[in-house]
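Here's the letter readout for the chains.
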Amino acid sequence: MYLSSASFALCTLAGLFLSTVEAASEVVQAQMPARTSYEGTSCKQTIFQHSFASSYGVPYVGIYSPPKDCSFTTTIFNISVKSRGRQYDRLALLFLGDIEVWRTSTAMPSQEGIFWSYQKDMTAFDTLLRTDQKVIFDLSNVFTDLYTGAFNVTLEALYYNDKYISELTPPDKIFPISALASSKNISSVMSLPDDNATVSIQLPRNVKHAIVSLQASGNGAEEFWYTNVPTEYVNTFPENPGWLFGYSPFREVQLLIDGKLAGVSWPFPLLFTGGVDPGLWRPIVGIDAYDMPTFDIDVTPWLPLLCDGKPHVFGIKVVAFDSTAKGNVGTIGQNWWVTGTVFVWLDTHGKQTTGSGVASHISDPVFGYHPQATTTTIGNTTSNSSFYFDLTARRSLSISSTIHTSSGSKVATWSQSLAFTNIQNMTDLAFNQSLSMLTTGSHTDSFSSIRTSYSYPLNLYSSYVIAPASKITLSSVLALIDRSLITKGINLLSYLSGIKLGSESLSTRQNAESKYYWNETIVEGTADDTGLLEQWFSYAGKSGLRSNGVRKFSRHLKEVDDEIVFDDEAWKTMNVPATQPLPYVEGEPVV
């Protein structure tokens, strides 16, 4: 394996952890390093060490205390995990009190053992890290004679006394949009559509900037929401009941203020490490598996209303396409886990932020929908032989107001434009399924003249053979995956906190082909499994740090049959080839 200068920069953390796991295999995520060097800490501390075995409904609960006699401006959390045995992938949520600060997921362990670590810049939460906080880390796991993999987790905090270029600082106040359940020693995540995901918040009167970060992920029947079908076609193949999930492949996460739409997220299609082929995502996990993305919405245009000294209701809702509902917008399946965080910056020289009323121009989603089921008649029996549909969506919105602070008056505007396409074709009772999806969007905010854009192309083919329970033969899945995540513009939270300056660009692509076999449980494969995965990752941006800030980074990885055969990291950008449509001949992949 080629070890670049970027790898050497990370060796302080990785080397310490390697010595504790010996023969275990590292499972990595291509990521932009939080900084060019992890040396030179002002101080550091272990927040907790805990083993998650039979941990459903039993999160780790402890206390975070800020370090004493330590000057710091930057905080990095380093999570290190090791596991050995047979186990599913699991979701994990880190809360400081009622505020979710990190959502992650696990790799799938092996009998030989695995480990991984990930570093996340937590400087935007600086105001929380200066005082004692209740720590709740919820990693719900099952531990039995069959599922023998516990997750042994260590969470560290690394503190640095960095100098920053910008005069911008982390937010002054942070408020949760959550279940507010930390007093019960449980996580404050809300589950939709069942929970009432609203909270009343009274903001200070002198807010000058405000954003809301949304965290939302589908689980259970909603884990692979982008492969779901319109509800009326769930029983297209009655010979294969329960294989298809409904509520369509379209999801919109909505932020509501006093019941009015303030912004939306059309989410990135995550593939967890048990997704499609559980054997494929070791030793390289899917995009963002260790650090699940949030979506920031600028709510500064709402300040003339929010700064009136009264409580206001912030809510989160997730909706889907429904051809039978008003406006074609309906409910979702079980379950979406959601939280939100309100970040505010105060006007230290002003007593109250005022302004004009909030003006909004919001279009309802416009859908295009074309389903087609093909039937075959054999003798006196007619059945569906295939099902095809395409679903498109687009919408735009703009919210603006004039706000008055001690520095003067300005027009604050948040605008979004989004588009979505999902095409699916199913044959062989839906055991063969092809999918081509593209989500694109752009937005502008109140703080810069930069338009931020993103694109999530996903092409997926899966062909399952499910062995009868009465036979010794193995079940299997053939998978082809080609997908990318492409963003360009500013990260609102990092930009307003002074962590990043100006526009950033990130492009990463994963292209994979695999065959996976299983018998008793899908979480453990066989010696006949095969997998090829190649990933390109390239980042360019402007760090707010005067030193140790990452301006360019790239990583090119290849794995063959659970082994990384090529790994090239560098402090420069690289060309990331575009995701390509998968090749098909009469509905079958060309392999």
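Look up: the structure comes first, before these words.
Presented here is a report on the structure given in the accompanying data block. (Residues numbered from 1 in each chain as written. Predicted model: local features only at pLDDT ≥ 70, side-chain atom pairs only at ≥ 80, totals over all residues. Heavy atoms only, no water.)

Brief notes about unusual backbone geometry
Move 1: Between Leu192 and Pro193 the backbone carries a cis peptide bond, its omega angle lying at 20°.
Move 2: Tracing the chain through its elements places Pro193 in the loop between β11 (190-192) and β12 (198-201).
Move 3: Positive phi is not limited to glycine here, since Asp69 has a value of about 55°.
Move 4: When you line up the elements, Asp69 lands in the loop between β3 (60-64) and β4 (74-84). (Helix = DSSP H or I, 4+ residues; strand = E, 2+ residues; numbered from the N terminus.)

Some points on the state of the cysteines
Among covalent bonds in proteins, the disulfide is the one between the sulfur atoms of two cysteines.
Move 1: As enumerated under the stated definition, the model contains one disulfide in all.
Move 2: For Cys43, the disulfide goes to Cys70, at an S-S distance of 2.1 Å. The chirality of the disulfide connecting Cys43 with Cys70 is left-handed, given an S-S dihedral of about -90°. Residue Cys43 is found in strand β2 (residues 43-52), and its partner Cys70 is found in the loop between β3 and β4; the two are separated by 27 residues along the sequence. Each member of the pair, Cys43 as well as Cys70, is classed as buried. (Disulfide = S-S within 2.5 Å. Buried < 20%, exposed > 50% of the residue type's maximum accessible area, 1.4 Å probe, protein only.)

Focus on the packing of aromatic side chains
Move 1: Under the defined criterion, the tally for this structure stands at 28 aromatic pairs.
Move 2: Geometrically, the ring pair formed by Trp225 and Tyr226 is edge-to-face, given 5.2 Å between the ring centres and 80° between the ring planes. Of the two residues examined, Trp225 and Tyr226, each falls in the buried class.
Move 3: Seen in terms of ring centroids, Phe250 and Phe420 are 5.4 Å apart; in terms of plane orientation they differ by 70°. Their pairing is edge-to-face. Here the residue Phe250 occupies a position in the loop between β13 (207-218) and β14 (251-257), and Phe420 occupies one in strand β24 (residues 408-427), the gap between them amounting to 170 residues.
Move 4: Through a chain of ring-to-ring contacts, the aromatic side chains of Phe250, Trp266, Phe321, Phe367, Tyr369 and Phe420 assemble into a single cluster.
Move 5: The lysine or arginine in question, Arg35, covers the ring of Tyr160, its NZ or CZ lying 3.7 Å from the ring centre. (Phe/Tyr/Trp six-rings, centres within 6.5 Å; stacked < 30°, edge-to-face > 60°. Lys NZ or Arg CZ within 6 Å of the ring centre and 35° of its normal.)

Thoughts on the nonpolar core
Move 1: Of all hydrophobic cores here, the largest spans 149 residues; its most connected members are Phe137 and Ile177.
Move 2: Setting aside chain neighbours within four positions, we find Ile177 in contact with Met190, Val199, Ile201, Val212, Leu255, Phe314, Ile316, Thr339, Gly340 and Val342.
Move 3: The next biggest cluster of nonpolar side chains, apart from the first, holds five residues, and it includes Ala34, Tyr38, Leu158 and Tyr160. (Core = buried A, V, L, I, M, F, W, Y, C linked by side-chain atoms within 4.5 Å. Contact = heavy atoms within 4.5 Å.)

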